[in-house]
Amino acid sequence: MKFKIIIFLLLGIITTGLPQTIVPFSVSNEGAEPSNLKVFDNKLFFSAKNQNSLISIYYIQGVGNPIQIPSSFNFTGANEFTVVSDRLVFSTFNKAYFIKEGTTQIIEIAGNYSYASDFIEYNDYLYFIAKSNQLNSLFRMNLNNGLVTNIGGSVEPYTLLQLNHGSDLDHKSIFVAQNKLFFNDLDKIYFIDLSNNNTPSSPTQISLPASAYYKINNTLEFSGFYLGTKVFYAVDINSSTMITDVQLLVIDLNSIPTASIVNKKDPVHFISFNGFLFFTALNSTGNSYVMWYYHPNAGFTETQIESDPQAFIFPSAANDPFRKVGNNLFHKNMPITLNGNMPIFSQPIGCITNNYPRNYLLELNNKYYYSDFTNNGSFEVFSCSLGSNQIQET
(Lines give C-alpha, C1' and ligand atoms only; values in the text may rest on other atoms or scores of the structure.)
Protein backbone atom coordinates (compact mmCIF):
# COMPACT_ATOMS: atom_id res chain seq x y z
CA MET A 1 0.00 0.00 0.00
CA LYS A 2 1.30 3.48 -0.80
CA PHE A 3 0.79 6.80 0.93
CA LYS A 4 -0.05 9.57 -1.53
CA ILE A 5 -0.06 13.34 -1.51
CA ILE A 6 -2.09 15.72 -3.78
CA ILE A 7 -1.02 19.34 -4.35
CA PHE A 8 -3.04 22.18 -5.91
CA LEU A 9 -1.30 25.12 -7.56
CA LEU A 10 -3.65 28.07 -7.84
CA LEU A 11 -2.70 31.22 -9.71
CA GLY A 12 -5.33 33.92 -9.26
CA ILE A 13 -8.92 32.91 -9.90
CA ILE A 14 -8.96 29.58 -11.75
CA THR A 15 -12.16 28.19 -13.22
CA THR A 16 -10.78 25.13 -14.98
CA GLY A 17 -9.80 21.73 -13.65
CA LEU A 18 -6.27 21.04 -12.47
CA PRO A 19 -4.34 17.79 -12.81
CA GLN A 20 -3.50 15.64 -9.79
CA THR A 21 -0.06 14.18 -9.20
CA ILE A 22 0.48 11.23 -6.87
CA VAL A 23 3.69 11.18 -4.81
CA PRO A 24 4.08 7.74 -3.17
CA PHE A 25 6.21 6.27 -0.42
CA SER A 26 6.04 2.86 1.26
CA VAL A 27 4.38 2.44 4.66
CA SER A 28 2.34 -0.11 6.58
CA ASN A 29 0.66 -2.92 4.66
CA GLU A 30 -2.58 -1.62 6.15
CA GLY A 31 -2.15 1.78 4.48
CA ALA A 32 -0.82 5.03 5.92
CA GLU A 33 -4.19 6.61 6.75
CA PRO A 34 -2.76 10.16 6.91
CA SER A 35 -4.59 12.79 8.93
CA ASN A 36 -4.05 16.02 10.89
CA LEU A 37 -2.44 17.92 8.02
CA LYS A 38 -1.03 21.20 9.29
CA VAL A 39 1.35 23.78 7.79
CA PHE A 40 3.93 24.98 10.32
CA ASP A 41 7.44 26.41 10.05
CA ASN A 42 7.28 26.18 6.23
CA LYS A 43 6.67 22.43 6.47
CA LEU A 44 3.63 20.19 6.07
CA PHE A 45 3.13 18.08 9.22
CA PHE A 46 0.73 15.17 9.60
CA SER A 47 0.23 11.84 11.38
CA ALA A 48 0.19 8.45 9.61
CA LYS A 49 0.89 4.77 10.18
CA ASN A 50 4.53 3.70 9.91
CA GLN A 51 5.93 0.36 8.70
CA ASN A 52 4.96 -1.23 12.05
CA SER A 53 1.34 -0.02 11.78
CA LEU A 54 1.92 2.43 14.66
CA ILE A 55 1.12 6.13 14.45
CA SER A 56 4.11 8.39 13.73
CA ILE A 57 4.49 12.09 12.99
CA TYR A 58 5.79 13.07 9.54
CA TYR A 59 6.67 16.26 7.73
CA ILE A 60 7.39 17.36 4.15
CA GLN A 61 9.73 20.24 3.42
CA GLY A 62 10.03 21.41 -0.16
CA VAL A 63 9.96 18.65 -2.78
CA GLY A 64 10.51 15.07 -1.67
CA ASN A 65 9.11 12.20 0.30
CA PRO A 66 7.69 12.60 3.84
CA ILE A 67 10.22 12.38 6.68
CA GLN A 68 9.31 10.46 9.84
CA ILE A 69 10.22 12.20 13.11
CA PRO A 70 12.06 9.74 15.39
CA SER A 71 10.33 9.42 18.77
CA SER A 72 9.68 6.89 21.54
CA PHE A 73 6.28 8.39 22.39
CA ASN A 74 2.98 6.62 21.71
CA PHE A 75 0.96 8.78 19.32
CA THR A 76 -2.18 6.63 19.22
CA GLY A 77 -5.17 8.95 18.85
CA ALA A 78 -3.07 11.87 17.59
CA ASN A 79 -5.40 14.83 17.06
CA GLU A 80 -5.89 18.60 17.41
CA PHE A 81 -2.81 19.71 15.44
CA THR A 82 -2.79 23.46 16.13
CA VAL A 83 -0.29 26.25 15.51
CA VAL A 84 0.05 28.54 18.52
CA SER A 85 2.72 31.20 18.78
CA ASP A 86 6.08 29.57 17.88
CA ARG A 87 5.01 25.93 18.17
CA LEU A 88 2.82 23.18 16.75
CA VAL A 89 0.69 21.61 19.52
CA PHE A 90 -1.22 18.34 19.37
CA SER A 91 -2.67 15.70 21.68
CA THR A 92 -3.24 11.94 22.03
CA PHE A 93 -5.58 9.92 24.25
CA ASN A 94 -3.62 10.78 27.39
CA LYS A 95 -0.87 13.29 26.59
CA ALA A 96 -0.19 16.62 24.90
CA TYR A 97 2.92 17.54 22.88
CA PHE A 98 4.48 20.39 20.93
CA ILE A 99 7.16 21.01 18.30
CA LYS A 100 8.96 24.36 18.47
CA GLU A 101 9.68 26.46 15.42
CA GLY A 102 13.11 25.76 13.93
CA THR A 103 13.20 22.17 15.22
CA THR A 104 11.49 18.86 14.57
CA GLN A 105 11.85 17.58 18.15
CA ILE A 106 8.61 16.43 19.80
CA ILE A 107 8.34 17.63 23.43
CA GLU A 108 5.82 16.25 25.93
CA ILE A 109 3.80 18.71 28.05
CA ALA A 110 4.33 17.59 31.64
CA GLY A 111 1.22 15.98 33.16
CA ASN A 112 -1.58 13.65 32.08
CA TYR A 113 -4.13 15.48 29.95
CA SER A 114 -6.64 13.08 28.40
CA TYR A 115 -8.12 14.23 25.09
CA ALA A 116 -6.61 17.71 25.32
CA SER A 117 -8.43 19.94 22.84
CA ASP A 118 -9.34 23.48 21.80
CA PHE A 119 -5.77 24.82 21.96
CA ILE A 120 -5.56 28.61 21.74
CA GLU A 121 -2.80 31.11 22.61
CA TYR A 122 -3.22 34.48 24.26
CA ASN A 123 -0.53 36.74 25.75
CA ASP A 124 2.12 34.00 26.04
CA TYR A 125 -0.23 31.41 27.53
CA LEU A 126 -1.58 28.24 25.94
CA TYR A 127 -5.21 27.54 26.92
CA PHE A 128 -6.92 24.17 26.43
CA ILE A 129 -9.59 21.77 27.71
CA ALA A 130 -8.67 18.28 28.93
CA LYS A 131 -10.01 15.58 31.20
CA SER A 132 -8.70 15.54 34.76
CA ASN A 133 -10.09 13.04 37.30
CA GLN A 134 -12.73 12.03 34.73
CA LEU A 135 -14.05 15.61 34.40
CA ASN A 136 -13.37 18.26 31.79
CA SER A 137 -11.18 21.08 33.11
CA LEU A 138 -9.85 24.33 31.68
CA PHE A 139 -6.06 24.69 31.79
CA ARG A 140 -3.47 27.21 30.78
CA MET A 141 0.27 26.71 30.25
CA ASN A 142 2.90 29.44 30.51
CA LEU A 143 4.72 29.24 27.17
CA ASN A 144 7.88 30.63 28.74
CA ASN A 145 8.34 28.17 31.64
CA GLY A 146 5.91 25.31 30.81
CA LEU A 147 3.93 25.64 34.09
CA VAL A 148 0.34 24.32 33.71
CA THR A 149 -2.51 25.44 36.02
CA ASN A 150 -6.26 24.76 36.23
CA ILE A 151 -8.12 28.08 35.86
CA GLY A 152 -11.70 26.82 35.43
CA GLY A 153 -12.36 26.09 39.08
CA SER A 154 -15.38 23.83 39.62
CA VAL A 155 -16.97 24.70 36.24
CA GLU A 156 -16.76 21.80 33.78
CA PRO A 157 -16.31 23.30 30.29
CA TYR A 158 -18.16 21.58 27.48
CA THR A 159 -16.43 20.43 24.32
CA LEU A 160 -16.85 17.63 21.82
CA LEU A 161 -13.90 15.56 22.98
CA GLN A 162 -12.17 13.20 20.56
CA LEU A 163 -13.17 15.36 17.58
CA ASN A 164 -10.70 17.55 15.73
CA HIS A 165 -11.76 21.14 16.35
CA GLY A 166 -9.70 22.59 13.55
CA SER A 167 -6.64 24.72 13.88
CA ASP A 168 -7.97 28.22 13.45
CA LEU A 169 -9.93 30.22 15.99
CA ASP A 170 -13.28 29.71 14.25
CA HIS A 171 -13.93 26.23 15.55
CA LYS A 172 -12.99 26.25 19.20
CA SER A 173 -15.06 25.79 22.34
CA ILE A 174 -12.95 28.49 24.03
CA PHE A 175 -11.84 31.87 22.68
CA VAL A 176 -10.70 35.29 23.88
CA ALA A 177 -12.58 38.51 23.09
CA GLN A 178 -11.82 41.90 24.63
CA ASN A 179 -9.48 40.36 27.25
CA LYS A 180 -12.15 37.83 28.26
CA LEU A 181 -11.84 34.05 27.84
CA PHE A 182 -15.27 32.63 26.93
CA PHE A 183 -16.41 29.03 27.43
CA ASN A 184 -19.62 27.20 28.32
CA ASP A 185 -21.02 24.16 30.05
CA LEU A 186 -24.28 22.54 28.94
CA ASP A 187 -26.60 25.39 29.95
CA LYS A 188 -24.47 28.37 30.94
CA ILE A 189 -21.92 30.68 29.32
CA TYR A 190 -18.94 32.00 31.29
CA PHE A 191 -15.97 34.28 30.90
CA ILE A 192 -12.67 34.65 32.74
CA ASP A 193 -11.22 38.16 32.86
CA LEU A 194 -7.62 38.12 31.60
CA SER A 195 -6.93 41.84 32.04
CA ASN A 196 -4.36 40.89 34.67
CA ASN A 197 -2.39 38.40 32.61
CA ASN A 198 -0.62 36.92 35.64
CA THR A 199 -3.76 36.44 37.73
CA PRO A 200 -6.89 35.48 35.78
CA SER A 201 -10.24 36.02 37.50
CA SER A 202 -12.58 33.25 38.61
CA PRO A 203 -15.24 32.24 36.04
CA THR A 204 -18.17 34.69 35.77
CA GLN A 205 -21.52 33.48 34.44
CA ILE A 206 -23.11 35.55 31.64
CA SER A 207 -26.57 36.83 32.54
CA LEU A 208 -28.91 35.57 29.80
CA PRO A 209 -32.36 37.01 28.94
CA ALA A 210 -34.94 35.80 31.46
CA SER A 211 -37.76 35.30 28.93
CA ALA A 212 -36.77 31.77 27.87
CA TYR A 213 -35.01 28.62 28.95
CA TYR A 214 -31.53 28.10 27.50
CA LYS A 215 -29.40 25.05 27.01
CA ILE A 216 -26.32 24.48 24.91
CA ASN A 217 -27.39 21.68 22.58
CA ASN A 218 -24.77 18.98 23.24
CA THR A 219 -25.73 16.95 20.13
CA LEU A 220 -24.47 19.67 17.80
CA GLU A 221 -21.09 21.21 17.09
CA PHE A 222 -22.09 24.55 18.54
CA SER A 223 -19.34 26.85 19.67
CA GLY A 224 -19.24 30.55 20.25
CA PHE A 225 -17.37 33.06 18.17
CA TYR A 226 -16.59 36.75 18.29
CA LEU A 227 -16.18 39.69 15.94
CA GLY A 228 -15.01 43.01 17.33
CA THR A 229 -17.07 43.80 20.42
CA LYS A 230 -19.70 41.08 19.91
CA VAL A 231 -19.78 37.39 20.85
CA PHE A 232 -22.09 34.93 19.08
CA TYR A 233 -23.49 31.61 20.36
CA ALA A 234 -26.02 29.16 18.96
CA VAL A 235 -28.38 28.25 21.81
CA ASP A 236 -31.51 26.16 22.20
CA ILE A 237 -34.25 28.28 23.78
CA ASN A 238 -36.93 25.57 24.01
CA SER A 239 -37.46 24.14 27.50
CA SER A 240 -38.52 20.80 25.96
CA THR A 241 -35.81 18.15 25.78
CA MET A 242 -37.48 16.63 22.70
CA ILE A 243 -37.99 19.74 20.54
CA THR A 244 -35.24 22.17 19.70
CA ASP A 245 -35.50 25.85 18.81
CA VAL A 246 -31.96 26.95 18.10
CA GLN A 247 -31.45 30.71 17.78
CA LEU A 248 -28.51 33.11 17.62
CA LEU A 249 -27.43 34.66 20.92
CA VAL A 250 -25.43 37.90 20.65
CA ILE A 251 -23.41 39.18 23.61
CA ASP A 252 -22.35 42.86 23.58
CA LEU A 253 -19.00 43.22 25.33
CA ASN A 254 -19.75 46.31 27.37
CA SER A 255 -18.24 46.84 30.82
CA ILE A 256 -20.90 44.32 31.90
CA PRO A 257 -21.52 41.92 28.97
CA THR A 258 -25.22 41.78 27.99
CA ALA A 259 -26.92 39.07 25.92
CA SER A 260 -29.89 39.14 23.53
CA ILE A 261 -31.51 36.82 20.97
CA VAL A 262 -31.35 37.59 17.24
CA ASN A 263 -33.95 35.83 15.09
CA LYS A 264 -31.60 33.64 13.03
CA LYS A 265 -32.80 30.03 13.27
CA ASP A 266 -30.44 27.04 13.27
CA PRO A 267 -27.17 29.00 12.97
CA VAL A 268 -24.06 26.84 12.61
CA HIS A 269 -20.54 26.80 11.10
CA PHE A 270 -19.30 30.26 12.04
CA ILE A 271 -16.15 31.58 10.40
CA SER A 272 -14.60 35.06 10.27
CA PHE A 273 -12.79 36.62 7.36
CA ASN A 274 -11.35 40.14 7.14
CA GLY A 275 -13.91 41.76 9.44
CA PHE A 276 -16.91 39.63 8.35
CA LEU A 277 -18.63 36.79 10.17
CA PHE A 278 -20.07 34.08 7.88
CA PHE A 279 -22.41 31.29 8.98
CA THR A 280 -25.20 28.98 7.79
CA ALA A 281 -28.81 29.34 8.99
CA LEU A 282 -32.39 29.08 7.74
CA ASN A 283 -33.40 31.83 5.35
CA SER A 284 -35.99 34.46 6.32
CA THR A 285 -38.85 32.35 4.93
CA GLY A 286 -37.66 29.23 6.77
CA ASN A 287 -37.63 26.89 3.76
CA SER A 288 -33.92 26.40 3.04
CA TYR A 289 -30.47 26.75 4.63
CA VAL A 290 -28.40 29.57 3.18
CA MET A 291 -25.23 31.52 3.84
CA TRP A 292 -25.54 34.60 6.05
CA TYR A 293 -22.89 37.17 6.83
CA TYR A 294 -22.50 39.89 9.45
CA HIS A 295 -20.51 43.12 9.29
CA PRO A 296 -20.49 45.71 12.12
CA ASN A 297 -21.38 48.49 9.66
CA ALA A 298 -24.10 46.58 7.82
CA GLY A 299 -25.61 44.12 10.30
CA PHE A 300 -26.88 40.71 9.14
CA THR A 301 -27.31 39.97 5.42
CA GLU A 302 -28.99 36.91 3.87
CA THR A 303 -27.65 35.46 0.61
CA GLN A 304 -29.18 33.11 -1.96
CA ILE A 305 -26.27 30.66 -1.70
CA GLU A 306 -27.70 27.43 -0.33
CA SER A 307 -26.05 25.05 2.13
CA ASP A 308 -26.73 21.39 2.82
CA PRO A 309 -29.41 21.01 5.54
CA GLN A 310 -27.38 18.08 6.91
CA ALA A 311 -24.83 20.71 7.95
CA PHE A 312 -27.25 21.67 10.71
CA ILE A 313 -28.70 18.26 11.53
CA PHE A 314 -25.28 16.57 11.76
CA PRO A 315 -22.77 19.46 11.81
CA SER A 316 -19.12 18.49 11.67
CA ALA A 317 -15.87 19.36 9.95
CA ALA A 318 -16.89 16.99 7.17
CA ASN A 319 -19.93 19.04 6.08
CA ASP A 320 -18.76 22.51 7.02
CA PRO A 321 -19.10 24.45 3.73
CA PHE A 322 -16.56 27.10 4.78
CA ARG A 323 -12.79 26.73 4.73
CA LYS A 324 -9.84 29.08 4.84
CA VAL A 325 -7.07 28.16 2.42
CA GLY A 326 -4.01 30.37 2.70
CA ASN A 327 -5.34 33.93 2.52
CA ASN A 328 -8.58 32.88 0.80
CA LEU A 329 -12.03 31.93 2.07
CA PHE A 330 -14.10 29.33 0.23
CA HIS A 331 -17.74 28.26 0.43
CA LYS A 332 -17.31 24.70 -0.81
CA ASN A 333 -15.23 25.35 -3.98
CA MET A 334 -16.35 28.97 -4.46
CA PRO A 335 -13.86 31.74 -3.54
CA ILE A 336 -15.19 34.68 -1.51
CA THR A 337 -13.53 38.06 -1.95
CA LEU A 338 -14.51 41.37 -0.36
CA ASN A 339 -15.49 44.77 -1.73
CA GLY A 340 -16.01 47.19 1.14
CA ASN A 341 -18.93 45.96 3.25
CA MET A 342 -20.01 43.40 0.66
CA PRO A 343 -18.55 39.95 -0.17
CA ILE A 344 -18.12 38.96 -3.81
CA PHE A 345 -18.75 35.32 -4.73
CA SER A 346 -16.50 34.19 -7.58
CA GLN A 347 -16.72 31.25 -9.97
CA PRO A 348 -15.89 27.84 -8.43
CA ILE A 349 -12.33 26.59 -8.59
CA GLY A 350 -12.25 23.59 -10.92
CA CYS A 351 -9.52 21.75 -9.03
CA ILE A 352 -11.53 21.71 -5.81
CA THR A 353 -14.31 19.42 -6.96
CA ASN A 354 -15.39 17.92 -3.62
CA ASN A 355 -16.50 19.40 -0.32
CA TYR A 356 -13.24 18.63 1.47
CA PRO A 357 -13.38 18.78 5.27
CA ARG A 358 -12.05 22.08 6.56
CA ASN A 359 -9.00 20.45 8.15
CA TYR A 360 -7.91 18.67 4.97
CA LEU A 361 -7.44 21.50 2.48
CA LEU A 362 -4.49 23.79 3.01
CA GLU A 363 -1.80 25.77 1.26
CA LEU A 364 1.99 25.67 1.46
CA ASN A 365 4.32 27.52 -0.93
CA ASN A 366 1.61 28.05 -3.59
CA LYS A 367 0.63 24.38 -3.50
CA TYR A 368 -2.65 23.05 -2.18
CA TYR A 369 -2.89 19.80 -0.20
CA TYR A 370 -5.91 17.73 0.74
CA SER A 371 -6.82 14.23 1.92
CA ASP A 372 -9.48 12.13 0.23
CA PHE A 373 -10.45 8.59 -0.73
CA THR A 374 -8.89 7.08 -3.84
CA ASN A 375 -10.73 4.96 -6.41
CA ASN A 376 -9.70 1.79 -4.56
CA GLY A 377 -11.12 3.09 -1.29
CA SER A 378 -7.92 3.96 0.59
CA PHE A 379 -7.60 7.32 2.35
CA GLU A 380 -4.62 9.23 0.96
CA VAL A 381 -3.21 12.73 0.39
CA PHE A 382 -3.02 14.24 -3.13
CA SER A 383 -1.45 17.04 -5.22
CA CYS A 384 -2.20 18.69 -8.57
CA SER A 385 -0.80 21.38 -10.87
CA LEU A 386 -1.84 23.30 -13.97
CA GLY A 387 -2.16 21.26 -17.16
CA SER A 388 -4.30 18.30 -18.17
CA ASN A 389 -6.85 16.71 -15.88
CA GLN A 390 -5.11 13.33 -15.95
CA ILE A 391 -3.94 11.78 -12.68
CA GLN A 392 -0.26 10.97 -13.02
CA GLU A 393 1.72 8.56 -10.83
CA THR A 394 5.35 9.52 -10.15
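Here, the structure is the one placed above.
These notes cover the structure that comes with them. Each chain has its residues counted from 1, following the order in which its sequence is written. For this predicted model, a pLDDT threshold of at least 70 governs which residues receive local features, and a threshold of 80 or more governs which side-chain atom pairs are given and counted, while totals over whole chains, interfaces and linings are taken from all residues. With hydrogens and water excluded, all non-hydrogen atoms of the structure serve as input to the side-chain values.

### What about the sheet that holds strand 18 (residues 180–184)?
Pairing between strands is defined by DSSP: at least two bridges between the two strands are required. Only DSSP runs of H or I with at least four residues qualify as helices, and only runs of E with at least two residues qualify as strands; both kinds are numbered from the N terminus onward. Ordered in space as 17-18-19-20, the four strands form an open sheet in which the pairing is antiparallel. A single partner strand is all that each edge strand has here, and the edge strands are strand 17 (175–177) and strand 20 (204–205). Sheet analysis places strand 19 (residues 189–193) next to strand 20, joined by two bridges and oriented antiparallel. Among the inter-strand pairings, Tyr190 is bridged to a residue of strand 20, identified as Gln205.

### Quick notes on the pattern of salt bridges
Each salt bridge in this description consists of a side-chain nitrogen of Lys or Arg and a carboxyl oxygen of Asp or Glu lying within 4 Å of one another. Going through the model one piece at a time under the given rule, you end up with eight salt bridges. Between Lys95 and Glu108 there is a salt bridge, and its shortest N-O distance comes to 2.9 Å. With Lys95 in the loop between strand 10 (87–91) and strand 11 (96–100) and Glu108 in strand 12 (residues 106–108), this pair connects stretches of sequence that are 13 residues apart. Taking relative accessible area as the criterion, Lys95 reaches 17% and is therefore assigned buried. Per-residue accessibility, obtained with a 1.4 Å probe over protein chains only, is compared with the maximum for each type, and a residue is labelled buried under 20%, exposed over 50%, and partly exposed between these values. A relative accessible area of 30% places Glu108 in the partly exposed class. With its nearest N and O atoms 3.1 Å apart, the salt bridge here joins Lys265 to Asp245. Placement of the pair is Lys265 in the loop between strand 24 (258–262) and strand 25 (268–273) and Asp245 in the loop between strand 22 (230–236) and strand 23 (246–252), with a sequence separation of 20 residues. Of the residues examined, Lys265 reaches a relative accessible area of 30% and is grouped as partly exposed. Salt bridges sharing partners connect three or more residues here, namely Asp86, Arg87 and Lys100.

### Description of the sheet that holds strand 12
A sheet is described by the order of its strands in space; here four strands give the open sequence 9-10-11-12, paired in antiparallel fashion. In this open sheet, the two strands that pair with only one neighbour each are strand 9 (79–84) and strand 12. Recorded for the sheet is a direction-independent mean angle of 25° between the axes of neighbouring strands. Alignment of strand 11 against strand 12, held across three bridges, turns out to be antiparallel. Of the residues in strand 12, the one forming a bridge with Tyr97 is Glu108. Note on geometry: axes are C-alpha line fits, over the in-contact stretch for helices, and angles between N-to-C directions span 0 to 180 degrees.

In short, shape yes, function no, at least from these values alone.
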